[in-house]
Every structure is written in C-alpha cells, then in structure tokens.
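# Close look at the chain arrangement
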Amino acid sequence: MAQPGLKRLRQLTARFRVEPGASVKLPKDFDPGFTADFGKDDAGKAQDLLQQGIALLTEYQDRLAAQDTHALLVVLQGLDAAGKDSTIKHVMSGMNPQWVDVHPFKVPSDEELNHDYLWRYEQKLPRRGMIGIFNRSHYEEVLVVRVHPELLDTQHLPADHRDSDIWKQRFKAINAWERYLAENGIQLVKLFLNLSREEQRQRFLARIDKPQKNWKFTAADVRERAHWDAYQKAYADVLTNTSTEWAPWYVIPADHKWFERIAAAAVIVDALVRIDPRYPKATSQQRRELAAARRELLAEG
Ligand code: AMP
Ligand code: MG
C-alpha cells in the first residue's frame, strides 16, 4: 500500500534522536526553533505532512490493536507551556479512542509516596494492543525531584539510599525497567518538548492576557520558571544518561507548535513502523469456520 509522507517523516526523526552514549548540553545541542526545511510560506505543505502523519498513525494503530502483542508508550516531558496537552490533542486526533490510554501525572498522593517510586507508573502501563500516553512520567522522579531535592523527604526512603549517588542509581533503575518493558513488548517513545525561555515567557503572557487561557496558568508556574537553568541541567543529564538502544530519547523542537506536531507525529510513526504490527492470519481451522459461516449466510439470501 502507498504510504504518502512515510519516508519524509522517518527521515526527520534522525534529527531529533539522542544517540545512546552521547553527552548532551542544553540549550547548546538542540535548537527549540528548528523547522527543518520548512520556510515561512510553507504552512500548507506542513499541514499536508501532519495530515499524512496522522493518517499513518490511524493505520498503524489498527494493526497494533489487531496483532495484540505489543504496546506503545509515549512519554511526554517538557517544561510548563511546552505543548504537552496540545501535542496529545493534535497528534492523537486520528486515533481510535478505544485503543488509547492517556495518563497525566501530578504531585504524588500519600498512597503513591508510600510505595517505591516507579509503582504509580507501573500501574498505568498500556495493555497489549494499546497506545499509552504519559503526560509527565517516571522522569519527574529525576527532574522536578532533582530540582527540588526537599521532595525526597516526602518519599519515605531508607537513609542509606539517599546519598549523592541517588540520581545515578535512579537512571540505572529506569534504564533497567525500560529494558524489561521493551523485552515484554512495551515499546517506549520518549519525547522531550524543547522550549526556549523566551517562548515560554510569551506563552505565559498569553495565558495571563487571554481569559479563556487563564485556567492554564498558576503563580507556581512563574516560580518554577525561576529554576530554568536547573531544569535545563537536569534535562541534559536525563538525556545523557537514559537514551538507550531500547528506549532512545527524541528532542522535539517546541517553539513552533505546527512543527512540534509534525516532529512528534514523525517519531511516533517511526516507532510503530519499527514494531511493524501485522493483522493476524486466520488458522486453517478458522478459515474452515469462516467458509462454513459464509455458506450459511449465502443460503439465507
Ligand atoms: P501540570 O502538568 O502543569 O498539571 O502540573 C503537574 C505538577 O505535578 C507539576 O508541577 C509537576 O512538577 C508535578 N509532579 C509531577 N510528578 C511529580 C513527582 N513525581 N513528584 C513531585 N511533583 C510532581
Ligand atoms: Mg502546569
């Protein structure tokens, strides 16, 4: 079957991938304003490519559900206003909701804090055939918790696992967990929506100035923004330590929403193509049953 846009989309993903073992510096290594070879007058072309990406997602989602051996887990990370919600809304617009499972992760509850830190994420993993989306994820355990280490005090940790090695230990545990998931057919697609400081400022101002956007803004967002450099460092360290062959990171340029959507769709399409799910073939027993049912239905007519 002809699959318009597939080659173009898959080629794009190479620009976003963090090679396992690479040492990442932010903001130096990835430009939040990157738009590939799309110019100012290419809005129509960009829209076409996004639509092709969405059509491919629809097709592959159906095959993933039919095959029922793999799941795809899209991990969305990014600072406030990086576009996590709108990426979900646009990129998933062609999907069958029956086979999609979206989970936002907020400040952990008391129940969650009284378990190991990966517990709550494990609970929300997609079942086979599904596309799961984590809006924030287990990576918050090495991002917000790292930028605000006092949060560790709420986690009921044994004292001998709270030394300066804790972040390295968590990277190791996360890599091992993701490897275990990949070996079980749960493929992660990890997207870091990479926003510039200036674009975040503009989006916050829009959230303040437009009444219908007020609900998206809290004073805490500006307080977090004050930790901008600490977050960039924490993200760079995450990208450096947890981009693996079995679960690589992709850095999605997020300053232009139209391009962010194309880039996110491209990476998800590429992951599905790698899984290459197939419709199951009927067994000879099933074929006999189908033929019998067909005869019965024809006889009725
Ligand atoms: P939002 O995504 O804007 O609705 O905000 C969710 C908030 O929950 C963010 O401020 C996150 O930093 C916070 N959050 C998510 N996961 C964790 C976690 N594991 N520990 C502490 N805070 C978290
Ligand atoms: Mg927020």
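Residues numbered from 1 in each chain as written. Chains lettered and ligands numbered in written order. Predicted model: local features only at pLDDT ≥ 70, side-chain atom pairs only at ≥ 80, totals over all residues. Heavy atoms only, no water.

## Let's talk about the overall build of the chain
- Each helix and strand in the chain was counted, giving twelve helices and five strands.
- Relative to the compact-globule value of 19 Å for 301 residues, the chain shows a C-alpha radius of gyration of 21 Å, a close match.
- When burial is assessed residue by residue, the chain has 47% of its 301 residues classed as buried.
- Residue pairs at least 24 apart in sequence account for 81% of intrachain contacts in the chain once pairs closer than 6 positions are excluded. (Helix = DSSP H or I, 4+ residues; strand = E, 2+ residues; numbered from the N terminus. Rg over C-alpha atoms; globule rule 2.2 N^0.38 Å. Buried < 20%, exposed > 50% of the residue type's maximum accessible area, 1.4 Å probe, protein only. Contact = heavy atoms within 4.5 Å.)

## Some details on the pattern of salt bridges
- Summed over the entire model, instances satisfying the criterion amount to 20 salt bridges.
- For the salt bridge of Asp-80 with Arg-136, the shortest nitrogen-to-oxygen distance reads 3.2 Å. Taken together, the residues span a long stretch of sequence, with Asp-80 in the loop between β1 (71-78) and α3 (84-91) and Arg-136 in the loop between β3 (131-135) and α6 (144-147) at a distance of 56 residues.
- Close ionic contact of Glu-198 with Arg-201 constitutes a salt bridge, the shortest N to O distance being 2.9 Å. Highlighted residues: Glu-198 and Arg-201, both in helix α8 (residues 197-209), separated by three residues, approximately one helical turn. (Salt bridge = Lys/Arg side-chain N within 4 Å of Asp/Glu carboxyl O.)

## Considerations on the site of ligand 1
- Around ligand 1, the structure places 13 residues, and the nearest of them are Lys-106, Val-107, Arg-120, Arg-136 and Glu-141.
- Contact distances for ligand 1 include 2.5 Å between an oxygen atom and a side-chain N or O atom of Lys-106.
- In isolation ligand 1 offers 500 Å² of accessible surface; the protein chains occlude 76% of this area.
- Those elements that provide at least two residues to the shell around ligand 1 are α5 (119-123) and α6. (Near = heavy atom within 4 Å. Polar contact = N/O pair within 3.5 Å; in protein donor to acceptor, adjacent residues only side chain to side chain. Areas by Shrake-Rupley, 256 points an atom, 1.4 Å probe, with all protein chains shown as cover.)

## Some details on the environment of Thr-154
- With respect to the secondary-structure elements, Thr-154 resides in the loop between α6 and α7 (166-183).
- Under the relative-accessibility criterion, Thr-154 is labelled partly exposed at 38%.
- At 2.6 Å, the side chain of Thr-154 forms a polar contact with the backbone oxygen of Leu-151.

## Regarding the packing of aromatic side chains
- In total, this model carries eleven aromatic pairs according to the counting rule given.
- Judged by centre distance (5.3 Å) and plane angle (75 degrees), the rings of Phe-204 and Phe-217 are edge-to-face. Here Phe-204 is found in helix α8, whereas its partner Phe-217 is found in the loop between α8 and α9 (219-225), with 13 residues between them in sequence.
- Taking the relative accessible area as the measure of exposure, Phe-204 reaches 5% and is therefore buried.
- Relative accessible area serves as the criterion here: at 19%, Phe-217 is assigned to the buried category.
- Across the ring face of Tyr-117, the terminal group of Arg-170 is positioned such that the distance to the ring centre comes to 4.0 Å.
- The ring of Trp-246 has Arg-179 sitting right over it, with the charged end atom 4.2 Å from the ring centre. (Phe/Tyr/Trp six-rings, centres within 6.5 Å; stacked < 30°, edge-to-face > 60°. Lys NZ or Arg CZ within 6 Å of the ring centre and 35° of its normal.)

## Brief notes about the nonpolar core
- Among the nonpolar cores identified, the biggest contains 44 residues, and Leu-72, Leu-191 and Ile-268 are the most heavily contacted of them.
- Elements with a minimum of two residues in this core: α1 (6-13), α2 (43-67), β1, α3, β3, β4 (186-194), β5 (249-253) and α11 (257-275).
- Those residues in contact with Ile-268 that lie beyond four places of it in its chain are Leu-57, Leu-72, Val-74, Val-91, Met-92 and Val-189.
- Core analysis: the next-biggest nonpolar cluster, separate from the first, contains 39 residues, Val-24, Phe-171, Phe-192 and Ala-236 among them. (Core = buried A, V, L, I, M, F, W, Y, C linked by side-chain atoms within 4.5 Å.)

## A short note on unusual backbone geometry
- The residue after Leu-26, namely Pro-27, is reached through a cis peptide bond having omega 5 degrees.
- Mapping Pro-27 onto the fold places it in the loop between α1 and α2.
- A positive phi is found at Asp-68, a non-glycine position, where the angle reads about 60 degrees.
- Within the secondary structure, Asp-68 is located in the loop between α2 and β1.
- Its relative accessible area of 39% is what places Asp-68 among the partly exposed residues.
- Phi angles above zero are rare outside glycine, and Asp-276 is one such case at about 50 degrees.

## Remarks on the packing of α2 against α11
- At a minimum axis distance of 9 Å, the contact between α2 and α11 shows a crossing angle of 30 degrees. Between α2 and α11, the interaxial angle falls into the category roughly parallel. Considering how the two elements wind past one another, α2 and α11 form a crossing that is left-handed. Between α2, through Ala-46, Leu-49, Leu-50, Gly-53, Leu-56, Leu-57, Tyr-60 and Leu-64, and α11, the contact on the second element is made entirely by Trp-258, Arg-261, Ile-262, Ala-265, Ile-268, Val-269, Leu-272, Val-273 and Ile-275.
- Residue composition of the contact of α2 with α11, by class: 15 nonpolar, one polar and one charged. (Axes fitted to C-alpha atoms, helices over the stretch in contact; angles between N-to-C directions. Parallel < 35°, antiparallel > 145°, perpendicular 65-115°, else oblique. Left-handed = near helix turned anticlockwise from the far one by under 90°. Nonpolar A, V, L, I, M, F, W, Y, C, P; charged D, E, K, R; others polar.)

## Things to note about α1
- What α1 keeps buried is the set Leu-6, Leu-9, Leu-12 and Thr-13. Down the axis of α1, the sector holding all buried residues measures 130 degrees, keeping them to one side. Along α1, the residues that are exposed and aim more than 90 degrees away from the buried face are Lys-7 and Gln-11.
- Where α1 is buried, its residues contact α2, β5 and α11. (Arc of directions from axis to C-beta.)

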